[in-house]
Amino acid sequence: MAGSRALSFKIIAECSTTKARASHMSLPHQVVDTPVFMPVGTQGTLKGLVPEQLEEIGCQIILGNTYHLGNRPGPDLLEKANGLHSFMNWNRALLTDSGGFQMVSLLKLAQITEEGVKFQSPHDGTEMLLTPERSIEIQNSIGADIIMQLDDVVHSTTTGPRVEEAMYRSIRWLDRCLEAHKRSHDQNLFPIVQGGLNPELRKICAIEMTKRDVPGFAIGGLSGGEEKSHFWRMVTLSTDHLPRDKPIYLMGVGFAVDLVVCVALGCDMFDCVFPTRTARFGSALVPTGQLHLKNKEFSCDFGPIDDTCPCSTCKTFTRAYMHTIVTVQSTSCSLLTIHNVTYQVSTTP
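Here's a quick rundown of the structure. Model, not experiment: these values are computed from the prediction. (Residues numbered from 1 in each chain as written. Predicted model: local features only at pLDDT ≥ 70, side-chain atom pairs only at ≥ 80, totals over all residues. Heavy atoms only, no water.)

## Topic: the packing of aromatic side chains
Formally: Note on aromatic contacts: the rings of Phe and Tyr and the six-membered ring of Trp form a pair at centre separations within 6.5 Å, being stacked when their planes are under 30 degrees apart, edge-to-face when over 60 apart, and tilted otherwise. Each helix corresponds to a stretch of at least 4 residues labelled H or I by DSSP, and each strand to a stretch of at least 2 residues labelled E; elements are numbered beginning at the N terminus. The classification of residues rests on relative accessible area computed with a 1.4 Å probe and restricted to protein chains. Under 20% of the type maximum is buried, over 50% is exposed, and intermediate values are partly exposed.
Considering all chains together, one arrives at two aromatic pairs under this definition. Here Phe255 and Phe274 contribute two aromatic rings whose centre-to-centre distance is 4.7 Å and whose plane-to-plane angle is 85°, an arrangement assigned as edge-to-face. Separated by 19 residues along the polypeptide, Phe255 in the loop between strand S15 (248-250) and helix H10 (256-264) and Phe274 in helix H11 (residues 274-280) bring together distant segments of the chain. The exposure class of Phe274 is buried, given its relative accessible area of 14%.

Structure (structure tokens):
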């Protein structure tokens, strides 16, 4: 067992041929069974579901977004509400990202310097300077069980000196985040290993970050369109240089094949908007891939979405019914999200 005052990590089983393991990760609000998939609730809500439904699904931990929560509802209101757990009435574990990913997703609206990242709000055009210190300050107000350092994120297919610059800056920003962190007694700060698709930079970053006294690690900057072989190679290289007695979080990964492969490569935690986003477009996740329920072939199909799925949608409604309402009635988003999140959570039991 290893960890800090706010996290303990106990490995209960290990694969004899891969780096896969099953563990109990004890956090202030929940004991989380890993490997675990974390649904994304960007602004304190999972689109289409309420916290009670997430509990019924068996979800133990969800993710929130620091950049968006920092804009709305904002840290002042969250502090008055005693944190996001209380604000959204979620009693289980939370993880917040640092806002670093928005350097990629909102690149046209962002300016990156050594001080931090200056964003222009996509909502009203106002500017926001997100420094490592400010990111941690917001995350301390949110109160998640696990918080992330602010890292310098570049697109996974970027090459050249920008990748090295971002990797070394992420190390420097980690030290600023650790210095700014005021709630180590009940929040766990994870570093994020960067380095793009460059094996030497990944190795340097992982080795340097393991010199810090932290309760767990994340692997970032991947799953952005690079070839699978390159992606998986960087994952296993990263886990090779991270301690085995601490949890490892692979950021932004949600396809079922990647979950299975990356568990075998030594990762414990995953997140992605994939299951909720596909639900909004009328697609259901099943073991054979996806069912595009808008297709005419399902108009007279009176079977469940997946007859092996235990979710309430599959127990109650047919493919024909879902075909009738997907992308037309808002109810369909909720019903499909219940199914897709159940499927995704069960992929990493």
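## Observations regarding the sheet that holds strand S16 (residues 269-272)
The test is simple: By definition, two strands form a pair when at least two bridges between them are found by DSSP.
Pairing in this open sheet of five strands is parallel, and the strands run S5-S16-S15-S14-S13 from one edge to the other. The open sheet has two edge strands with one neighbour each: strand S5 (36-39) and strand S13 (192-193). Direction of pairing for S13 relative to strand S14 (residues 217-219): parallel, over a ladder of two bridges. Residue pairing for S14: Val193 is matched across the bridge by Ile219.

## A few points about the environment of Val214
Definition in use: Contacts were defined at the residue level, with two residues in contact if any of their heavy atoms lie within 4.5 Å.
Structurally, the position occupied by Val214 is in the loop between helix H8 (199-209) and S14. Take Val214: its relative accessible area is 3%, and that puts it in the buried class. Separated by 25 residues in sequence, Val214 and Leu189 place their C-alpha atoms 6.6 Å apart. Residues within four places of Val214 in sequence aside, it is in contact with Leu178, Leu189, Pro191 and Lys246.

## Describing the pairing of strand S9 (residues 117-120)
Within a regular strand, side chains alternate between the sheet's two faces. Of the two faces of S9, only one is covered, namely that formed by Val117 and Phe119; the face formed by Lys118 and Gln120 stays uncovered. Taking the residues that link successive antiparallel strands as the turn, the strand S8 (residues 110-112)-S9 hairpin has four residues. Here S9 pairs with strand S10 (residues 127-130) via four bridges, running antiparallel. Counterpart to Lys118 in the pairing with S10 is Leu129.

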